[in-house]
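Observations on the model geometry
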Amino acid sequence: MGNKKSSWKDSIQIFGRSLLLPIAVLAPIGMVMGICSALGQSYMVEKFPIFGNDILKLVLSSLQTITSIVFNNIPLLFAMGVAQGMAKNEKGIAVFASVVGYLTLNVVMSVYLKQTGTLAEADVAAQVGQGTVLGIQTLKIEALGGIIAGLTAAKVADRFYRLELPLAFAFFGGKKSIPIITFALMIPIGLIIPVFWNMLTNFLISISFIFTTPYIGNAVYYALNRALIPFGLHHVLASIVRFTEAGGTYMINGTEYVGILNATNEVLFNLGPTSEYWSQLMPTLTSYLGGAQMLTTLFRVPAVGLAMYRTSFLKNRKIAKGVILTCCLTAFLGNITEPLEFSFLFISPQLFILYCIMSGIGAIPYQMLGISIGYIRGTIFDFGIFGLLYENTNWINLVLLGIGNFVVFYFVFKWFIEKFNLETPGREEFEIEESASILLKEKNWPAIAEVVIKGLGGKENILSVENCISRLRIDLKDPALVDQVKIKDSGCAGIFFPSANHIHVVFGPHVEFVRHAVDDALKK
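Our subject in this report is the structure included herewith. (Residues numbered from 1 in each chain as written. Predicted model: local features only at pLDDT ≥ 70, side-chain atom pairs only at ≥ 80, totals over all residues. Heavy atoms only, no water.)

A closer look at the overall build of the protein
Here is the rule: Strands are runs of DSSP state E lasting at least 2 residues, helices are runs of H or I lasting at least 4, and numbering of each runs from the N terminus. Type-normalised accessible area, obtained with a 1.4 Å probe on protein chains alone, sets the label of each residue: buried when under 20%, exposed when over 50%, and partly exposed for intermediate values. The contact criterion used is simple: two residues touch if any of their non-hydrogen atoms lie within 4.5 Å. Using a 1.4 Å probe, accessible areas were evaluated by the Shrake-Rupley method; residue-level cover was limited to the displayed protein chains.
The secondary structure content of the protein amounts to 24 helices and 8 strands. Counting the 524 residues in the protein, one finds 52% classified as buried. A separation threshold of at least 6 residues defines the contact pool for the protein, and within that pool the share at least 24 residues apart is 71%. Of the roughly 23,700 Å² of accessible surface on the protein, a fraction of 64% belongs to carbon and sulfur atoms.

Written as structure tokens, this is what we have:
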């Protein structure tokens, strides 16, 4: 029973990580789209006449059109990302099959609507949850359709990649069977979904008040978002709110938009700050996106980092400064908060719980202050693009709220660390080996990999190695062989066991290079 629970939890974590790939594509392209949209606004042309230049306007409008193709096909990106992340075998074929499955799903639902007489006229399709997807008028189930296609393709790939067929059909066996079986499975799935879609929609709408309650819904969301980070489930929560009815439905100029992100895309990139919907919706929408995330990345994380630095022992302060500063810059510049959060999560779970609650409470004033800074990520670059380049963002209110958060988090963490004598970076009983920091500074990936493998009990003790955006995730034969002190010599930011035979080693944004070096070392 315990193994089943562990396996289920691991699958959920892998699913959460698989969503990172399409989100990683959305973030930088959204930044380009944001710059083009901001510089193309009429008020920007009035302030800076150079943006009224015909050639520059052509470049900006063209780039905005080009980047919009990604946002018009978010479900397709999810289909491919989930297939790639969830499939254990023949990942490439699984991705191909997911596209086949997604296309099939949409056309089958369209056929169902047509045959049941429920296919709406194009001008009112949006009002009944229908729309055009890749040229097909169908039920717009948004990202869920892509996720279903991706999961189906991944499971088919793992089950049938070695399928043997009679000689007459042998050509269609093996990996060639994956897209064919996926196609066949999506037909009944496409016929079933419309039957249950209305019930599911009504259910999600009924619970959406939890997250969409004015002024406190975003606080509940962010407290839960932080709390799910150790389990890798915060990405799942974010996707539910961003792309489904749980994040609310919004009528904008007669068109219904499902989920926080879809509505934000319309207001931010198409309507702009002069629209009535900007003041009506953006403070709410962005309180679940990058605007509120900036409170963590630009203010709370630096506050926690400063508290750790100020409470570190003098003998370790030089090395601790480098570790803490790297963690803070990772959040400040890259929107990755996990390295710093993991530095105290398992030392003091109580402090982490307090951190989650404080993160939620600290977000409550966001909507009240009318802050309207979007997009997905919460980096300093996003603040510049979506906060300073757009009008009516009330960015100064974000700064004031952020300063308040900074002060509270700094003093609470400083008091808690000293009161309970927590062993945060720089407060270790032993002196930190400077060589550990040097390995990362020199980007000596092979040496880091060697230290990690030895600390994990050697090659024979390692069953599998994966990584997400900040950590190695390793399955072990015998966790008793792990030497955590040795692993720390690699310069990692944190180590923990989410389950008995599964260990996470946090390296931050460089983790992919460490993973490649570990893979290379294991092959030797």
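Details of the pairing of strand β4 (residues 255-258)
This is how it is decided: Pairing between strands is defined by DSSP: at least two bridges between them are needed.
Pairing geometry for strand β3 (residues 249-252) and β4, over 4 bridges, is antiparallel. Within β4, the residue paired with Met251 across the bridge is Glu256.

Overview of the sheet that holds strand β5 (residues 462-467)
What counts, and what does not: Simply put, an axis is a line fit to the C-alpha atoms, just over the touching stretch for a helix, and the angle between two N-to-C directions goes from 0 to 180 degrees.
With respect to topology, 4 strands assemble into an open sheet ordered β5-β6-β8-β7, the strand pairing being antiparallel. A single partner strand is all that each edge strand has here, and the edge strands are β5 and β7 (494-499). When strand polarity is set aside, the average angle formed by the axes of neighbouring strands in this sheet is 25 degrees. Across 5 bridges, strand β6 (residues 471-476) lies against strand β8 (residues 502-506) in antiparallel orientation.

So, the packing of aromatic side chains
Cut-off, in case you're wondering: Ring pairs are drawn from Phe, Tyr and Trp, using the six-membered ring of Trp, whenever the two centres fall within 6.5 Å, and their geometry is named by plane angle: stacked under 30 degrees, edge-to-face over 60, tilted for the rest.
Considering all chains together, one arrives at 22 aromatic pairs under this definition. Geometrically, the ring pair formed by Tyr355 and Phe409 is edge-to-face, given 6.0 Å between the ring centres and 90 degrees between the ring planes. A residue pair is termed long-range when its members are at least 10 positions apart, and Tyr355 in helix α17 (residues 349-362) and Phe409 in helix α20 (residues 395-419) qualify at 54 residues. Residue Tyr355 is classed as buried on the basis of its relative accessible area of 2%.

Some words on unusual backbone geometry
Positioned with a positive phi, Asn392 is a non-glycine residue whose angle comes to about 60 degrees. Within the secondary structure layout, Asn392 lies in the loop between α19 (380-388) and α20. The phi angle at Asn394 is positive, at roughly 55 degrees, despite the residue not being glycine. Structurally, Asn394 is set in the loop between α19 and α20.

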